[in-house]
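# Structure assessment
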Amino acid sequence: MHGVLKVRTSEEKAKAQRLKELEKIESYNKLVKSFEELREKENGRYNEVSLSVSKSLLIENPEYYTIWNYRRSAILQFTETKENSELQVIYQNEMKFLEECIQRYTKSYWIWFHRQWIALRMDQCDWEREMKLCTKLLNFDLRNFHCWGHRRFILKHSNIKLEDELKYTTEKVEQNFSNYSAWHQRSCILPKIYKEPEQLLEKILEEFELVRNAVYTEPKDSSSWIYHKWLVATLKSIPNSNHIEVLKNELTQIYDLIELEPDCKWPIYTTLLLKIEIGGFDKQELLETISQLVKLDPDHKNYYKSLETKI
């Protein structure tokens, strides 16, 4: 009818979408061909066009890791032919381009690796900006392990205080006890902050209190229990830590949780590990605990049965 807007059918929409995709594929293939022709023509002699063409291709497909390798080869060659001031401009532009890529593809190994590679070649990398970028991305996805790994990279190569990072992990853990990456970050930096055995022991005992709050809040989440396991192992490694008495206290605390959550595997599993570590418990009691775990978590029955050799 005249004056009535025609509404596309599902079939017409699908066809239009398909044509759009084909155009995009054709455009991408032209980019790839253009790059391959350029690389063959260059024969290992790079210039600014090398960066420009490869950049266009990476904008469309940042997972094309061969192109990132190509860019690094070009930049390495530039270090032999260009002044340092020119190189610093190239590095700055590369960091800007990488930041644009990361905003769109936050979990690309190749982008993060290339960013670190460039950062180490800069006269003065803005490490604070790097931290802010990671913080921004983690606000959208708190479990992005690429960001957490980049934070460790930053801490290794900058003068940013480890204490500041510990404070940040505390905030993230308290926001969400299921944040495994934040717990792991704590395990990486605590021994670097508290280097003396006495200091580390005092901090580990505090950490048991923190993780206890987590397991009581979310007893079925593995993150805090895995951190608890790390605390036990670290406690054992500290000389004169009287770790057996500490573990006995932990055992008592977790018994109380089992009364509240009798069918939750994590506290039961942790008590089994603690009993094995403390020693002196009846073997039949430990075997019954293993049988209970097999019933609660049959997918991991072989692992639980393997613990019988430690009894």
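Residues numbered from 1 in each chain as written. Predicted model: local features only at pLDDT ≥ 70, side-chain atom pairs only at ≥ 80, totals over all residues. Heavy atoms only, no water.

### Quick notes on empty space enclosed by the protein
Stated precisely, the cut-off is as follows: Within this scheme a cavity is a closed region of a 1 Å grid, computed over the protein atoms alone, that accommodates a 1.4 Å probe without allowing it to escape, whereas a pocket is open but has protein on both sides within 12 Å along at least five of seven lines; lining residues each have an atom within 4 Å of a point. Grid points are joined across faces, edges and corners, and a volume is the space filled by probe spheres set on the points. Secondary structure elements are taken from DSSP: a helix is a run of H or I of four residues or more, a strand is a run of E of two residues or more, and numbering for both begins at the N terminus.
Applying the stated criterion across every chain, the model contains one cavity of 30 Å³ or more. Lining the largest cavity, in full, are Arg212, Val215, Tyr216, Trp225, His228, Glu250, Gln253, Ile254 and Leu257. When contributions to the lining of the largest cavity are tallied by element, the ones reaching two or more residues are helix 10 (197-217), helix 11 (222-237) and helix 12 (243-260). Top contributing element to the lining of the largest cavity by residue count: helix 12, with four residues.

### Examining the layout of surface pockets
Filter applied, for reference: Charged means Asp, Glu, Lys or Arg here, nonpolar means Ala, Val, Leu, Ile, Met, Phe, Trp, Tyr, Cys or Pro, and polar covers whatever is left, Gly included.
There is about 290 Å³ of room inside the largest pocket. Surrounding the largest pocket, 17 residues form its lining, Lys229, Val232, Leu273, Leu274 and Glu277 being those nearest its centre. Mapped onto the lining of the largest pocket, the elements with two or more residues apiece are helix 11 and helix 13 (265-278). Residue composition of the lining of the largest pocket, by class: eleven nonpolar, two polar and four charged.

### Description of helix 5 (residues 109-119)
Inclusion rule: Accessibility here uses a 1.4 Å probe with only protein chains present; expressed as a share of the type maximum, an area under 20% marks a residue as buried, one over 50% as exposed, and anything in between as partly exposed. Note on contacts: a residue pair is in contact if any heavy atoms of the two residues lie within 4.5 Å.
Counting buried residues in helix 5 gives eight out of eleven residues, a clear majority hidden from the surface. Against the buried residues of helix 5 lie helix 3 (65-81), helix 4 (84-104), helix 6 (127-140) and helix 7 (145-157).

### Observations concerning the pattern of salt bridges
To be explicit about the condition: Just to be clear on terms, a salt bridge is a Lys or Arg side-chain nitrogen sitting within 4 Å of an Asp or Glu carboxyl oxygen.
Going through the model one piece at a time under the given rule, you end up with 18 salt bridges. The partner of Glu99 in a salt bridge is Arg129, and the shortest N-O contact between them spans 3.0 Å. Residue Glu99 is found in helix 4, and its partner Arg129 is found in helix 6; the two are separated by 30 residues along the sequence.

### Overview of the environment of Trp112
The residue Trp112 is located in helix 5 in this model. Here Trp112 falls in the buried class, since its relative accessible area comes to 3%. Distance in space between the C-alpha atoms of Trp112 and Gly149 is 9.4 Å, their sequence separation being 37 residues. If we ignore the near neighbours within four places in the chain, the residues touching Trp112 are Ile102, Thr106, Lys107, Cys134, Leu137, His146, Cys147 and His150.

### Here's the deal with a nonpolar patch on the surface
So the rule is basically this: The patches described consist of residues with a relative accessible area above 30% and no salt bridge, like charges being joined within 9 Å and nonpolar side chains (Val, Leu, Ile, Met, Phe, Trp, Tyr) within 5 Å. To be clear on the numbers: accessible area is Shrake-Rupley with a 1.4 Å probe, and residue cover counts the displayed protein chains and nothing else.
Taken together, the side chains of Tyr65, Tyr109, Trp110 and Phe145 present a nonpolar region at the surface, about 460 Å² in accessible area. Examined against the element boundaries, Phe145 turns out to sit in helix 7. The class for Phe145 is partly exposed, based on a relative accessible area of 46%.

### Side note on a negative patch on the surface
Cut-off, in case you're wondering: The charge count includes Lys and Arg as positive and Asp and Glu as negative, but it does not include His or the ends of the chains. Charge positions come from single atoms, namely NZ of Lys, CZ of Arg, CG of Asp or CD of Glu.
On the surface, a cluster of negative charge is made up of Asp126, Glu128, Glu163 and Asp164. When you line up the elements, Asp126 lands in the loop between helix 5 and helix 6.

### Re unusual backbone geometry
Excluding glycine, residues mostly carry a negative phi; peptide bonds, for their part, are mostly trans. Positive phi values are uncommon outside glycine, yet Asn43 reaches one of about 55 degrees. Mapped onto the elements, Asn43 comes out in the loop between helix 1 (10-42) and helix 2 (48-60). Asn43 gets classed as exposed once you look at its relative accessible area, which sits at 58%. A positive phi angle is found at Asn242, which is not glycine, with a value near 55 degrees. With respect to the secondary-structure elements, Asn242 resides in the loop between helix 11 and helix 12. Asn242 sits in the exposed class, given a relative accessible area of 52%.

### Concerning the side chain of Asn179
Here Asn179 lies in the loop between helix 8 (162-175) and helix 9 (180-193). Beyond its immediate stretch of four places on either side in the chain, Asn179 contacts Leu142, Trp148, Lys172 and Ser223.

### A short note on the nonpolar core
Under the convention used in this document: In plain words, nonpolar cores are sets of buried Ala, Val, Leu, Ile, Met, Phe, Trp, Tyr and Cys residues tied together by side-chain atoms within 4.5 Å.
Ile118 and Trp183 are the most contacted members of the largest nonpolar core, which totals 81 residues. Not counting residues up to four positions away in its chain, the partners in contact with Trp183 are Val173, Phe177, Leu210, Val211, Ala214, Ser223, Ser224 and Tyr227.

### Observations concerning the packing of aromatic side chains
Within a pair of aromatic rings, the relevant descriptors are the distance that separates the centres and the angle that separates the planes. Short version of the rule: Aromatic pairing here means that ring centres of Phe, Tyr or Trp (its six-membered ring) are within 6.5 Å. Orientation follows from the plane angle: under 30 degrees is stacked, over 60 is edge-to-face, and everything else is tilted. Two limits define a charge over a ring: the Lys NZ or Arg CZ must be within 6 Å of the ring centre, and within 35 degrees of the ring normal.
Taken as a whole and judged by the stated rule, the model has 13 aromatic pairs. Here the aromatic rings of Phe35 and Tyr70 are separated by 4.8 Å at their centres, their planes lie at 85 degrees, and the arrangement is edge-to-face. Within this pair, whereas Phe35 is found in helix 1, its partner Tyr70 is found in helix 3, the two being separated by 35 residues in sequence. Neither residue differs from the other here; Phe35 and Tyr70 are each classed as buried. Residues Trp266 and Tyr269 carry aromatic rings whose centres are separated by 5.9 Å and whose planes lie at 75 degrees to one another, so their mutual orientation is edge-to-face. Here Trp266 pairs with Tyr269, and both are found in helix 13, just three residues apart, close to one helical turn. This pair shows no difference in class: Trp266 is buried, exactly as Tyr269 is. Positioned over the ring face of Phe78 is Lys82, at 5.1 Å from the centre of the ring. The lysine or arginine in question, Arg151, covers the ring of Tyr168, its NZ or CZ lying 3.8 Å from the ring centre.

### A look at helix 9
Test applied: One less than the number of residues in a helix, times 1.5 Å, gives the span that helix is expected to have.
With 14 residues, helix 9 should cover 20 Å at 1.5 Å per step; its first-to-last C-alpha distance of 20 Å lies within 8% of that length. Burial in helix 9 covers these residues: Ser181, Ala182, Trp183, Gln185, Arg186, Ser187, Ile189, Leu190 and Ile193. Where helix 9 is buried, its residues touch helix 7, helix 8, helix 10 and helix 11.

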